[in-house]
Amino acid sequence: MAKKVLILGGDAVEALEIYYPYFRCLEEGYDVKIAGPSVKKMQTVVHDFIGWDTYTEMKGYMIESHLSFEEVKPEEYDGLIIPGGRAPEYIRLNENVPKIVAHFFETNKPVAAVCHAALVLTTVSEYLKGRSMTAYIACKPDVEGTGATYITDPLHVDGNLVSGHAWPDLPGLMREFIKQLNG
């Protein structure tokens, strides 16, 4: 039976950080579902650096969510991927998201978190205390606020948690996630 992977998203999710893992998991033959606040086409965004002190944002492609957070039964999944972008800052407020994420830490299933995904992980800080991870540099205070140690490397693995700075780190992030998932 194929491994099942859950990806959490929402409007303003970083395009590369949801599309790359989604297609990479499909390529592996996994059964992949994207969950969002509701079932709908979500608007992705593209962040890039063009000489500003921070990133710019442009509209990206649309991507369909397969189920709502409320419909997710995390025990049915073997791994979790949390992309970045701006979506994490508001999907973490959904009452179902912390319960979903906590399940993967409680059961020691692989969790891949990239860029601003660290904002979602702040809702389950009890599972990060004493651990280490990386994220987009602007999320360093959020990572440290959970009791975790912020790592400056663009890719970091701490137990079942695979973390990356941003979309350029997706090849390594997915390599490590898949390695864990295939165990």
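Caption draft 1: Inspection of the packing of aromatic side chains at higher detail. One pass over the full model with this rule turns up five aromatic pairs. Clustering of aromatic rings is evident, with ring pairs tying together Tyr19, Tyr22, Phe23 and Tyr61. Sitting over the ring of Tyr77, Lys4 keeps its end group 4.9 Å from the ring centre. One residue, Lys109, lies across the ring of Phe104, its end atom 5.5 Å from the ring centre.

Caption draft 2: Representation of the sheet that holds strand E1 (residues 4-8) in the model. Judged by pairing direction, the sheet is mixed, and its seven strands sit side by side in the order E6-E3-E1-E7-E8-E12-E11 without closing on themselves. Only two strands of the sheet have a single neighbouring strand rather than two, namely strand E6 (67-68) and strand E11 (155-158). As paired strands, strand E7 (residues 79-82) and strand E8 (residues 111-114) are joined by three bridges and run parallel to one another. Bridging from a neighbouring strand, Leu80 pairs with Val111 of E8. Helix-sheet contacts for helix H1 (residues 15-27) involve E1, strand E3 (31-36), E7 and E8, and the interaxial angle to E3 is about 155°.

Caption draft 3: Representation of the side chain of His156. Among the secondary structure elements, His156 is positioned in strand E11. Residue His156 is classed as buried on the basis of its relative accessible area, which comes to 16%. Setting aside its immediate chain neighbours within four residues, His156 contacts Ser132, Met133, Thr134, Ile151, Leu161, Val162 and Ser163.

Caption draft 4: Structural view of helix H3 (residues 96-106). Most of H3 sits out of view: eight of its 11 residues are buried. Looking at H3, one finds that the buried residues are Asn96, Val97, Ile100, Val101, Ala102, His103, Phe104 and Phe105. Its buried side turned inward, H3 meets E1, E7, helix H2 (87-91), E8, helix H4 (118-121) and strand E12 (161-164). Following H3 by one or two positions, Asn108 has its phi on the positive side, about 60°.

Caption draft 5: Highlighting the packing of H1 against helix H6 (residues 170-182). Their axes nearest at 11 Å, the elements H1 and H6 cross at an angle of 40°. With respect to H6, the element H1 is oriented oblique. For H1 against H6, the interelement crossing comes out right-handed. Mapping the contact onto sequence places Leu16, Glu17, Tyr20, Pro21, Arg24 and Cys25 in H1 and Leu170, Pro171, Met174, Phe177 and Ile178 in H6. Here the residues of the contact of H1 with H6 are counted per class, giving nine nonpolar, no polar and two charged.

Caption draft 6: Fine view of the nonpolar core. Judged by nonpolar contacts, the single largest core of 58 residues is most densely connected at Val5, Leu6, Leu8, Ile82, Val101 and Leu121. Apart from the residues lying within four places of it in its own chain, the contact partners of Leu8 are Ala35, Phe69, Leu80, Ile81, Ile82, Pro83, Ile91, Val97, Ile100 and Val101.

Caption draft 7: Representation of the sheet that holds strand E5 (residues 56-64) in the model. A sheet is described by the order of its strands in space; here three strands give the open sequence E2-E4-E5, paired in mixed fashion. Here the strands that pair on one side only, and so sit at the sheet edges, are strand E2 (13-14) and E5. One ladder, built from two bridges, connects E2 with strand E4 (residues 41-48); its direction is parallel. For Val13, the partnering residue across the bridge sits in E4 and is Thr44.

Calculation criteria
Residues numbered from 1 in each chain as written. Predicted model: local features only at pLDDT ≥ 70, side-chain atom pairs only at ≥ 80, totals over all residues. Heavy atoms only, no water. Phe/Tyr/Trp six-rings, centres within 6.5 Å; stacked < 30°, edge-to-face > 60°. Lys NZ or Arg CZ within 6 Å of the ring centre and 35° of its normal. Pairing = 2+ DSSP bridges. Helix = DSSP H or I, 4+ residues; strand = E, 2+ residues; numbered from the N terminus. Contact = heavy atoms within 4.5 Å. Axes fitted to C-alpha atoms, helices over the stretch in contact; angles between N-to-C directions. Buried < 20%, exposed > 50% of the residue type's maximum accessible area, 1.4 Å probe, protein only. Parallel < 35°, antiparallel > 145°, perpendicular 65-115°, else oblique. Left-handed = near helix turned anticlockwise from the far one by under 90°. Nonpolar A, V, L, I, M, F, W, Y, C, P; charged D, E, K, R; others polar. Core = buried A, V, L, I, M, F, W, Y, C linked by side-chain atoms within 4.5 Å.

Remember that the coordinates give geometry; whether it matters functionally is a separate question.
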